[in-house]
Amino acid sequence: MPDVIQKVAIKLSVNGKPHSLTIEPRMLLVELIREVLDLTGTHVGCDTTYCGACTVLMNGAAVKSCTVFAVQADGAQIMTVEGLEKDGQLHPIQKAFGDARGLQCGYCTPGLMLSTAQLLSQNKEPSEREMRKAIAGNTCRCTGYQNILKAIQMAAQSMKGA
Amino acid sequence: MYPRAFHYHRAGSLEEASAMLSEFGDEAKLLAGGQSLIPLMKLRYANPNHLVDLNFISGTSYIKEESGTVRFGALTRHAEIEHSTVAAKLPIIHDCAAGIADVQVRNRGTIGGSLAEADPSGDWATVLMTLETEVRCQKSKGDRRVRLADFIKDAYTTALAHDELVSEVVVRIPPHGSGGAYLAFKRSAPVYPTASAAVQLTMDGEVCKDVAIALGCVGLTTIKAKDAEKALRGQPVTQKTMATAVEAARAVAEPQSDMRGSADYKRTLVGSLVNRAIDIAVRRARGEQIEAGHIYA
């Protein structure tokens, strides 16, 4: 172990808001988001790179924030579930997950919505197979996948014109 | 979970990263995609004193077609390979890139990191073993090219010297009339496969001119199924020659029983994966468009 705990200065943008922070390099991105920035919508599920509850977008790409060091997000644009709504209006993905009852306990939902956001940013009309593949890294322990797929389809429909 | 504290170093170039490895010796680890290393550090199986981050080095992520080869920068993410048009010309490479773990891991994990880790359950080594592949190994001064077969020495062990790192992976594009397929069976998306098989062959009419068959997750390293190749090379691909090849592949596998399945189960599984991969490779060599890759529930 190092005798002196190193601190590193980083700058990043989270949901469009710039932050300058000094952190320990071993801090994980999910801990920075939850413990430092108090954005507790991003959840910690397995903490072992399996379940995807901690999924956020890093420069538009879905990542498991329990498996990225915060120091690696220096200069990056991060989006968490809190960044989906705009001016008090739910994002079409959030609305679709509600309308289609695409959740049961809701623990996996923030991660699933961000995986959906990456999918729909690259593919406006995903097939069912493509939807299943896009959320394969997000585990719903309630096993409510059918309604989740309906929600993704609804979100795709309502975002098509956008 | 927190890893143990470490010193963080952001390398500005691959040469500088190599110089840092010389300076810190065994106390240092390289951070590429981090999708294996960070979990290991969180569980404190890996406790490097110095972490050298390669992610801020520009020009290390690329896919270039050049004089009959495709060159992958070491930091090229699986997802970039999955979506690239160059790699799509090599179906076996697309099979692999599009199915490693899940979207999130593919967005971070790198081809160079996967080869350098040499996990016996990793996908890339098995696929690239069926192609003419060279790994470019970089030092602070100069570099060398190593054939993939010589690069992977043992489980988690490569030919890299302690101050050397992977800078590029170079794959020769197979001749016209070739086809390949990679099939990996896994219980769910994020986990490593239970067994996998890669087949790359070149057809001349009904006859298999040349073939390479590699098995993954059923030994300490990728296993080259040489007797299985022999059963097909120079032969027409029929049910009979395929059955002989599958039997030879099953015989050469060295699976171990673990939580993913018993040794017997894995041997049976790898045999059927080889069978299906040969079939798809032959049909692709004829120009058919067939989907293949990772199979999971």
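Here's a quick rundown of the structure. Owing to the predicted nature of the structure, the values given are computational and were not obtained by experimental measurement. (Residues numbered from 1 in each chain as written. Chains lettered and ligands numbered in written order. Predicted model: local features only at pLDDT ≥ 70, side-chain atom pairs only at ≥ 80, totals over all residues.)

**Quick look at the sheet that holds strand β7 (residues 143–147) of chain B**
Residue and element names in this part refer to chain B.
Okay, so step 1: Spatial ordering of the open sheet is given by β4-β5-β10-β6-β7, a layout of five strands whose pairing is antiparallel. Two strands close off the open sheet at either side, each with one partner strand: β4 (63–66) and β7. Neighbour-to-neighbour, the strand axes of the sheet open up by a mean angle of 25°, direction not taken into account. (Pairing = 2+ DSSP bridges. Helix = DSSP H or I, 4+ residues; strand = E, 2+ residues; numbered from the N terminus. Axes fitted to C-alpha atoms, helices over the stretch in contact; angles between N-to-C directions.)

**A look at the packing of helix α3 (residues 109–122) of chain A against helix α5 (residues 145–159) of chain A**
Residues and elements named next belong to chain A.
Okay, so step 1: Remark: α3 packs on α5, axes separated minimally by 11 Å, with the N-to-C direction vectors making an angle of 45°. Classified by the angle their axes make, α3 and α5 are oblique. The interaxial crossing formed by α3 with α5 has right-handed handedness. Contacts from L112, T116 and L120 of α3 reach α5 at I148, I152, A155, A156 and M159.
Okay, so step 2: Of the residues belonging to the contact of α3 with α5, the class tally is seven nonpolar, one polar and no charged. (Parallel < 35°, antiparallel > 145°, perpendicular 65-115°, else oblique. Left-handed = near helix turned anticlockwise from the far one by under 90°. Contact = placed C-beta atoms within 7 Å. Nonpolar A, V, L, I, M, F, W, Y, C, P; charged D, E, K, R; others polar.)

**Notes on the pairing of strand β2 (residues 28–31) of chain B**
Okay, so step 1: Relative to strand β3 (residues 50–53) of chain B, β2(B) runs parallel, the two being bridged by four bridges. In the sheet register, K29(B) faces β3(B), and the bridge partner there is L51(B).

**Some details on the interface of chain B and chain A**
Okay, so step 1: At the junction of the two partners, chain B supplies 25 residues and chain A supplies 28 residues.
Okay, so step 2: When contributions to the side of chain B that touches chain A are tallied by element, the ones reaching two or more residues are β1 (7–10), α2 (37–42), β3 and α6 (103–108) of chain B.
Okay, so step 3: In terms of residue count, the dominant contributor to the side of chain B that touches chain A is α6(B) (five residues).

**Focus on the environment of A156(A)**
All names here are of chain A.
Okay, so step 1: With respect to the helices and strands, the residue A156 is situated in helix α5.
Okay, so step 2: Residue class for A156 comes out buried when judged on the 20 C-beta atoms lying within 10 Å of it.
Okay, so step 3: When the C-alpha atoms of A156 and A117 are compared, they prove to be 9.7 Å apart, with 39 residues separating the residues in sequence.
Okay, so step 4: Sequence-distant contacts of A156, defined by excluding residues within four places in its chain, comprise L120, K124, E125 and P126. (Buried ≥ 20, exposed ≤ 12 C-beta atoms within 10 Å, placed from the backbone.)

**Observations regarding the environment of R136(B)**
All names here are of chain B.
Okay, so step 1: By secondary structure assignment, the location of R136 is in strand β6 (residues 133–138).
Okay, so step 2: For R136, a count of 20 C-beta atoms within 10 Å gives the class buried.
Okay, so step 3: Distance from R136 to A74, taken between C-alpha atoms, is 8.9 Å for residues 62 residues apart in sequence.
Okay, so step 4: Residues contacting R136, with those up to four places away along its chain left out, are D143, R145, V166, S167, E168 and V170.

All we've got here are geometric facts, nothing functional implied.
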